[in-house]
Amino acid sequence: MEAREACLRSSIESEDEGHSDGPDESHYMPQNAPRIINTSTGASKLRSWLNKTLKIRMTDGRTLLGVFLCTDRDANIILGSCSEYLPTDPSESNEDPRMLGLVMIPGKHIVSVQIDMNEFTMDYQGSLIESLNYV
């Protein structure tokens, strides 16, 4: 952020001198410019899931549990404070999670996503987990 401000300052100073060696200031969005927000149903639902706990099952059998931070149009998901749970083996009772921290999960490896509904305020008695299954 400081580099951008310094770059803008040098651009403005050089324009005052009659020449411009820095980047064109028009490439940056003004701070008071109106922001366009997608108000579709899907975008609103995704926005409501921000900072909520997600449980994601992957194609290799692993389960990741973490805080939903963002996604993109390829269905990649970024989780913060993430823990990894290995597939359960009936012969082993080791269910200790491995702490991963910040992770990016490719959308093509996601089998299912579950949202912890305990974090939502609910007006009715409903299920505690909302599931989304990807094909």
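The structure under discussion appears in the preceding block.
Predicted model only: the values in this text are computed from it and were never measured. (Residues numbered from 1 in each chain as written. Predicted model: local features only at pLDDT ≥ 70, side-chain atom pairs only at ≥ 80, totals over all residues. Heavy atoms only, no water.)

Q: What's the story with the overall build of the chain in this structure? I'm lost.
A: Scanning the chain from terminus to terminus reveals two helices and six strands. The secondary structure elements of the chain, listed N-terminal to C-terminal, are α-α-β-β-β-β-β-β. In the chain, which comprises 135 residues, the proportion classed as buried is 21%. Within the chain, contacts between residues separated by at least 24 positions form 37% of all contacts whose residues are at least 6 apart in sequence. Surface accessibility of the chain: about 10300 Å² in total, with carbon and sulfur atoms responsible for 51%. (Helix = DSSP H or I, 4+ residues; strand = E, 2+ residues; numbered from the N terminus. Buried < 20%, exposed > 50% of the residue type's maximum accessible area, 1.4 Å probe, protein only. Contact = heavy atoms within 4.5 Å. Areas by Shrake-Rupley, 256 points an atom, 1.4 Å probe, with all protein chains shown as cover.)

Q: How should the environment of G61 be read in this particular structure?
A: Among the secondary structure elements, G61 is positioned in the loop between β1 (53-58) and β2 (63-71). Remark: the alpha-carbon pair of G61 and Y85, spanning 24 residues in sequence, is separated by 9.0 Å.

Q: Looking at this structure, how should I read unusual backbone geometry?
A: Phi is positive for A75, which is not a glycine, with a value near 65°. Of note in this structure, S81 is not a glycine but carries a positive phi near 50°. With respect to the secondary-structure elements, S81 resides in strand β3 (residues 77-85).

Q: How should I be thinking about the pairing of β1 in this particular structure?
A: Across a regular strand the side chains alternate sides, sitting on one face of the sheet and then on the other. Only one face of β1 is covered, namely the face carrying L54, I56 and M58; the face carrying T53, K55 and R57 is uncovered. Inspection of the sheet shows β1 paired to β2 by five bridges, in the antiparallel sense. Its bridge partner being in β2, I56 is matched across the sheet by L64. Connecting β1 to the next strand, β2, in antiparallel fashion are four residues, including G61 with a positive phi near 95°. When β1 meets strand β5 (residues 110-116), the two strands line up antiparallel, connected through five bridges. Residue pairing in the sheet places R57 in a bridge with S112 of β5. (Pairing = 2+ DSSP bridges.)

Q: Would you mind showing me how to read the side chain of S83 here?
A: Counting through the fold element by element, S83 comes out in strand β3. Taking the relative accessible area as the measure of exposure, S83 reaches 10% and is therefore buried. Excluding anything up to four places from it in sequence, S83 contacts T63, L64, L65, P97, R98 and M99.

Q: In this structure, what is going on with the nonpolar core? I would like to understand it.
A: Nonpolar side chains in soluble globular proteins tend to be buried together. L54, I56, I77, L79 and I105 are the most contacted members of the largest nonpolar core, which has 15 residues in total. At the level of elements, β1, β2, β3, β4 (98-105) and β5 are the ones that each hand at least two residues to this core. If sequence neighbours within four positions are ignored, I105 has contacts with I56, M58, L64, A75, N76, I77, L79 and I110. (Core = buried A, V, L, I, M, F, W, Y, C linked by side-chain atoms within 4.5 Å.)

Q: Would you mind going over the environment of L100 with me for this structure?
A: Along the chain, the position of L100 falls in strand β4. The exposure class assigned to L100 is partly exposed, which follows from its relative accessible area of 32%.

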